[in-house]
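Spelled out from the first residue to the last, the chains are:
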Amino acid sequence: MTQLLPQNLLRENPARLPEVAEIDVVRHFTRLSQLNYCVDTNFYPLGSCTMKYNPKVNEDATRLDGFTKVHPYQPVEQCQGVLELLYHLEQMLKDISGMCAFTLQPAAGAHGELTGMLIIRAFMDNKGEKRNTIVIPDSAHGTNPASAALCGYAVESIKSNAGGLVDTEKLKASFTRDTAAIMITNPNTLGLFEKDILEICKIAHDAGGLVYCDGANMNALLGIARPGDMGVDILHLNLHKTFSTPHGGGGPGAGPIGVTDELKRFLPAPRIEIEQGKYTLQYNYPDSIGRVRAFYGHVGMMIRAYTYLLSLGKEGVQRAGEFAVLNANYLRHKLKGHYDIPYGTTCMHEFVISAKKQKKMGVSALDIAKKLLDYGYHAPTIYFPLIVEEALMIEPTETESRETLDAFVAAMLQIAADVEQRPESFRGLPQATPIGRPDEVKAAREPKLKWEFK
Ligand SMILES: *Cc1c(COP(=O)(O)O)cnc(C)c1O
């Protein structure tokens, strides 16, 4: 080998590769794999992220040769199977959401939002209207204003009412002829159903605007209610949340968006259509905003979602929604005497507690989250939504058993008692994890990703 390579490319000193036996390698990687917390390890009540258990059959289906060995550059005649799956997944999502047409291209929820904003812009341009603002409730996920701003819109935040819902009077006053759309999340990030959604849509439509719905919380509505029936114009779904593909740690996701009949012509192309009994890719959409992703998006996620939906069936999907709501209310009920829950009396798929009371005794939401790590749980989402002081946002999902929920409740009640009796015990936590309290800003700005051999 060394004779084949030019001298200047050769190493001067041999690489310092570790020389170890197979068993040491196996132990090393097995140990590493166990440092990574995942839903297969334990309960993962990370609010808004819907960390449900992902059935392994989804993985098996995705790894079938027919899917892994197909290439997007192959002629469509040779890809009929995968196109059929994608086409049918679009039909199922239409059925579940009540929207008229879907694109599967966007790579994540935030990307779906951006695609939606581009469609709103194209729609308004097409009508010859210049509208510069998007109205967004103050409880929204941070990606909402970011997506609107990335698309060149000014964002107007509207303050939620005392019940944690969109204030329709404020919305009426804010939604002017300069407003292109409202971005609304339903159920919202407090886990509350926006019960005035029909009126909210009417306010937007009467002013000539559109309604974008962030459907990341669709888990709560599955088989029960459909945003399309409520008057929503554009909706994104997170396949990796609601439709059970593994996520977290920056792995791939998929954020399909559904639109009304009126907006269909603006969807990204190509679109999958049936022509003479064959699946085709249709590029002839002159008003399309264009591609938003290479090829057809993250097809692996779509195969998982399709498998998940088929294996549950229509009834199973509805039961998933019902159990998601039941599990959240069960936890909410068990925790309510011990923690302050500022909004609502019942919830949808999640709820937000405030550790305001505990903070007064010197223990913050962050401290409680760290303590939960020592109990072996993933922490809930903390300090979001921004309108709740010392927020802990808990979403159990439908896949957890009563035993798991009870064990989590026991941990939370123990924590509440410890805060009162020995608040000093929360200092220096967590102790059970390999890393305690990293400097989160530094970890994001200066990540150390290189392995240094000693
Ligand atoms: C997760 C989430 C998003 C963003 O979705 P990504 O797939 O992470 O980009 C947007 N809104 C809400 C309410 C979410 O929970």
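The structure presented is a predicted model; accordingly, all values stated were derived computationally and were not measured. (Residues numbered from 1 in each chain as written. Predicted model: local features only at pLDDT ≥ 70, side-chain atom pairs only at ≥ 80, totals over all residues. Heavy atoms only, no water.)

**Considering a nonpolar patch on the surface**
Now for step 1: Together, Val20, Val25, Phe29, Leu32 and Leu35 line one region of the surface with nonpolar side chains, adding up to about 450 Å² of accessible area.
Now for step 2: Checked against the element boundaries, leucine 35 lands in helix H1 (residues 22-35). (Patch = residues over 30% accessible without salt bridge, like charges linked within 9 Å, V, L, I, M, F, W, Y side chains within 5 Å. Areas by Shrake-Rupley, 256 points an atom, 1.4 Å probe, with all protein chains shown as cover. Salt bridge = Lys/Arg side-chain N within 4 Å of Asp/Glu carboxyl O. Helix = DSSP H or I, 4+ residues; strand = E, 2+ residues; numbered from the N terminus.)

**Here we look at the layout of surface pockets**
Now for step 1: There is about 1500 Å³ of room inside the largest pocket.
Now for step 2: Leu35, Asn36, Tyr37, Tyr44 and His378 are, among the 39 residues lining the largest pocket, the residues nearest its centre.
Now for step 3: At the level of elements, H1, helix H2 (56-62), helix H13 (365-374) and helix H15 (440-445) are the ones that each hand at least two residues to the lining of the largest pocket.
Now for step 4: For the lining of the largest pocket, the class distribution of residues is 20 nonpolar, twelve polar and seven charged.
Now for step 5: Residues lining the lining of the largest pocket come from more than one domain, with at least three contributed by each of domain 1 (56-311) and domain 2 (314-436). (1 Å grid on protein atoms, 1.4 Å probe; cavity = no way out; pocket = protein on both sides within 12 Å on 5 of 7 lines; lining within 4 Å. Points joined across faces, edges and corners; volume = space filled by probe spheres on them. Nonpolar A, V, L, I, M, F, W, Y, C, P; charged D, E, K, R; others polar. Domains from an automatic or database assignment.)

**Examining the domain arrangement of the protein chain**
Now for step 1: On domain assignment, one finds that the protein chain holds domain 1 (56-311) and domain 2 (314-436).
Now for step 2: Summarising the inter-unit geometry, the C-alpha centres of domain 1 and domain 2 are found 29 Å apart.
Now for step 3: Residue-level contacts link 28 residues of domain 1 with 23 residues of domain 2.
Now for step 4: Summed over both partners, the interface of domain 1 with domain 2 buries about 1800 Å², with 65% contributed by carbon and sulfur atoms.
Now for step 5: Its largest share of buried area at the contact with domain 2, domain 1 owes to Thr189, Leu190 and Asn219, together 28% of the area lost on that side.
Now for step 6: Summed over the shared surface of domain 1 and domain 2, the result is one salt bridge.
Now for step 7: A salt bridge links aspartate 95 to lysine 314; the shortest N-O distance between them is 2.9 Å.
Now for step 8: Between domain 1 and domain 2 we count five residue pairs in polar contact (both at pLDDT 80 or more) in total.
Now for step 9: The set of elements that each furnish at least two residues to the side of domain 1 that touches domain 2 consists of helix H4 (80-97) and helix H11 (299-335).
Now for step 10: Across the side of domain 1 that touches domain 2, the residue classes break down as 13 nonpolar, 13 polar and two charged. (Contact = heavy atoms within 4.5 Å. Buried area = accessible area lost by both parts, 1.4 Å probe. Polar contact = N/O pair within 3.5 Å; in protein donor to acceptor, adjacent residues only side chain to side chain.)

**Observations regarding empty space enclosed by the protein**
Now for step 1: Under the definition given, this model contains three cavities of 30 Å³ or more.
Now for step 2: Size it by volume and the largest cavity reaches roughly 120 Å³.
Now for step 3: For the largest cavity, the lining is made up of 13 residues, of which Glu90, Leu104, Pro270, Ile272 and Tyr296 are closest to its centre.
Now for step 4: For the lining of the largest cavity, the per-class residue count stands at nine nonpolar, two polar and two charged.
Now for step 5: Estimated volume of the second largest cavity: approximately 40 Å³.

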